[in-house]
Amino acid sequence: MSTQVQSSEHAHEEHLTGIKRWLFTTNHKEIGSLYLIFSLVMFLIGGAMAMVIRAELFQPGLQLVDPHFFNQMTTVHGLIMVFGAVMPAFTGLANWMIPMMIGAPDMALPRMNNWSFWILPFAFAILLASLFMEGGGPAFGWTFYAPLSTTYSNDNTALFVFAVHIMGISSIMGAINVIVTIVNLRAPGMTWMKLPLFVWTWLITAFLLIAVMPVLAGAVTMVLTDKYFGTSFFDAAGGGDPVMFQHIFWFFGHPEVYIMILPAFGIISTIVPTFSRKKLFGYSSMVYATSSIAFLSFIVWAHHMFTTGMPLAGELFFMYATMLISVPTGVKVFNWVATMWRGSISFEIPMMFSIAFIVLFTLGGFSGLMLAITPADFQYHDTYFVVAHFHYVLVTGAVFSIMAAVYYWLPKWTGHMYCITTAKWHFWMSLISVNILFFPMHFVGLAGMPRRIPDYALQFADFNAIISIGGFAFGLSQLIFVWCVFKCARGGESVPAKVWDGAEGLEWEVPSPAPLHTFSTPPEVK
Amino acid sequence: MQSQSYYVPAQSPWPIIGAVAMFFIAVGAGLTVMQLGSEDLSGVLILSLGVLILLYMLFGWFKHVIQESDKGLYSAQMDRSFKQGMSWFIFSEVMFFFAFFGALLYARVFSVPWLGGASNNQMTNEVLWPNFEAMWPLLTTPAGDVTQSMPWYGLPLINTVILLTSSVTLHFAHKAIESNKRKPLTIYLLITVILGFIFLALQAQEYVHAYEALNLTLQSGIYGNTFYLLTGFHGMHVTIGAILLTIVLIRVAKGHFTEDKHFAFQAAAWYWHFVDVVWVCLFVFVYVL
């Protein structure tokens, strides 16, 4: 048997080159890079759509695009950023880091890993191609509420449905891989309560993914049969109910929100201790808080639907359950602050992004708390206040954490330090512009400006002009990021195995750049 | 076991072939649905091509895995990875059915009674659907479509017995493989597969009966919708399970598997038991209650 194992290891030595290397790869680092590059491309495409939206909204009145196209832009911008940019970025980080953090040779199911990646470009090709077809792409919002997606949608909706189906299959396979890797491939001595928090948060995220992506598949299937096969799940004439769509969708949608933020918590919990030169404060409470958030995520979905009609008991239950989430989330924020407390802090780029994350994500959390209050939500629902809320948690939350993670681990991946000055420009430009972009949205929202419209009342004009300027600046700032990463991948100052002196974890014990295969025999964890 | 070196498979062309198959299936299925009722068959062609590529991929990929397993490349750890992967896959399937059971429950408990004026919805009933009366099964929809309900006795009951029996025979086959008794293994597995296909044939007959005698169609309001989507997706899963078991049966006949290494058998068996449990829930919530 041992000779066979050796011969298979020998097989690794033959390196495929060119395109075949990437198409046939079973290596977690290569697949991780593919995910990250794909996510960056999608981030730029989705961002370009946001630029179209902001250009149209720069002035009141219909300026540049027709309203139907505007709706397609808001819809596809949302879909791409959620399923194409944020989720694949986290999966890419999971691919790169989890095996190295737990001392595993690779992901548990390497070939399935390749399959789940390569489905994604095809799925998004279908979604994007539908924009150029007669009738256009999906224009019903990323939440595809019935009857917008059934009675009133265009003929190409079937392509949207099946694109979402294969995206879901990809996510489920990716999540299965993550869970099995963590449960089964931890190095000896890597006990549960020694797991790095990034691994813990991803474990729970993967569980959420497997639990809710199939429900999304169910929702799109019902939309498909309602639209094309004459069923009436979401049509009162046949005994169904459009509100039922919202229940099913948000049963998926709310855990999905945490799928996009739990790995971010893991990243911040990794970076803050490194640059505070202290152990993470309250490790076990972080684990329990993450689990509680995951549990609560299943019983709060209807807070997205306070205005669509529910019995009073439902409104109250979902309000209280939602507010409960602020307890474990508060635990996390206080733990990060307590970790920094009296630490010897230095402000490297990842730390700057992390601190920005803590402040701005908390701000987004507070506006979430405001939205959770049922009677208040009647005022805020479907306004720009909601847009401000979820962009604070997703852009200055999830996206900033991804930036922090890239700046933290990029030297490990490439073996080079990036240009600090460029990265600082990126940070400060992003930080300032993102607040010019999203902060005034709170004001226009509270004043009553509805979301998802190409035109608006005159009194919102000044704020919208400012928001758009912030938007263009934020969009351009991300080009600095692309430049910085590209340059770092090409070369730069070499870094030692342990790039950051305060860093802990197995990933810093392998050389930089990390060799293609790490830990072909399990390391001993003390 | 822990200290031996890991096995990481070399590069493989199968996943990218699988991704291309998924692409063709998604595009083909989308176009097929969009071209319903038209003469255009391009969607069906693309879909068929995708399914063929997928079958080619599955065949090639599994063949490759079986060869690796025969060479003894897989450690106990790999085996655990496969098993855990399969269990989580089945969990994802459970959640898929959960969505449709949720729709059924919501319709019964909320939307249909509300349309009939329950809770604070009196005006919904009086203004929108004044002649509508809430009932389950929903035999007359608010729009006035009339249908008949599918009784639980007769074919559904027979099918329940068949499927439960098949689970038992499969369990005997499982016991037989674990004690390496090849003959009972083959016989019990064969019986299971036959029962599976009988179930499918009866299910098809039930659909014909529903369409022709009961006027219970996919378009018969929320009762027909939940009935067909739940039993339909279940039937699809029985088909997949029966094909899996057939392949396992062929492999048993070829002399594959040992008493402690039979992951493919185990995975197919788990899948079959899962399909069985879904049927029991279906029988209770769709037919009986």
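Everything numeric here is computed off the predicted structure, so don't read it as measured data. (Residues numbered from 1 in each chain as written. Chains lettered and ligands numbered in written order. Predicted model: local features only at pLDDT ≥ 70, side-chain atom pairs only at ≥ 80, totals over all residues.)

A. Seen up close, the domain arrangement of chain A. All names here are of chain A. The domain boundaries assigned to chain A delineate domain 1 (25–71 + 249–526) and domain 2 (103–184 + 198–228). Each partner contributes to the interface: domain 1 provides 38 residues, whereas domain 2 provides 31 residues. Those elements giving two or more residues to the side of domain 1 that touches domain 2 turn out to be α3 (28–57), α4 (67–102), α8 (242–259), α9 (262–276) and α10 (283–297). For the side of domain 1 that touches domain 2, the element with the most residues is α8, which contributes eight residues. Considering only residue class, the side of domain 1 that touches domain 2 consists of 22 nonpolar, 14 polar and two charged. (Domains from an automatic or database assignment. Contact = placed C-beta atoms within 7 Å. Helix = DSSP H or I, 4+ residues; strand = E, 2+ residues; numbered from the N terminus. Nonpolar A, V, L, I, M, F, W, Y, C, P; charged D, E, K, R; others polar.)

B. A look at the UniProt feature "domain: Cytochrome oxidase subunit I profile" (unreviewed entry) in chain A. Per the UniProt record, "domain: Cytochrome oxidase subunit I profile" (unreviewed entry) is annotated on residues 22–526 of chain A. Secondary structure content for residues 22–526 of chain A is 68% helix and 1% strand, while the C-alpha to C-alpha distance between its ends is 36 Å. (UniProt positions renumbered as here; feature names shortened; annotations may be inferred.)

C. Up close: unusual backbone geometry. Here Ser512 of chain A and Pro513 of chain A are connected by a cis peptide whose omega angle stands at -5°. Along the chain, Pro513 of chain A turns up in the segment after β2 (493–494). Here Trp136 of chain B and Pro137 of chain B are connected by a cis peptide whose omega angle stands at 0°. Structurally, the position occupied by Pro137 of chain B is in the loop between α4 (122–128) and α5 (155–178). Positive phi outside glycine occurs at Phe519 of chain A, with the angle close to 50°.

D. Representation of the environment of Val499 of chain A in the model. Residues and elements named next belong to chain A. Secondary-structure assignment places Val499 in the segment after β2. Distance from Val499 to Thr421, taken between C-alpha atoms, is 18 Å for residues 78 residues apart in sequence. Those residues in contact with Val499 that sit more than four places away from it in its chain are Pro411, Lys412 and Ser512.

E. Representation of the packing of helix α15 (residues 384–414) of chain A against helix α16 (residues 420–446) of chain A in the model. Residue and element names in this part refer to chain A. The N-to-C vectors of α15 and α16 enclose an angle of 165°; their axes lie 7 Å apart at closest approach. As judged from the angle between their axes, α15 and α16 are roughly antiparallel. In the crossing of α15 with α16, the sense of the turn from one axis to the other is left-handed. Counted together, Tyr384, Phe385, Val386, Val387, Ala388, His391, Tyr392, Val395, Thr396 and Tyr407 of α15 and Ala423, Val434, Phe438, Met441, His442, Val444, Gly445 and Leu446 of α16 form the full contact between these two elements. Across the contact of α15 with α16, the residue classes tally to 14 nonpolar, four polar and no charged. (Axes fitted to C-alpha atoms, helices over the stretch in contact; angles between N-to-C directions. Parallel < 35°, antiparallel > 145°, perpendicular 65-115°, else oblique. Left-handed = near helix turned anticlockwise from the far one by under 90°.)

F. Inspection of the domain arrangement of chain B at higher detail. Here chain B is described as being made up of domain 1 (1–74) and domain 2 (77–288). Taking only C-alpha atoms into account, the centre of domain 1 of chain B sits 25 Å from that of domain 2 of chain B.

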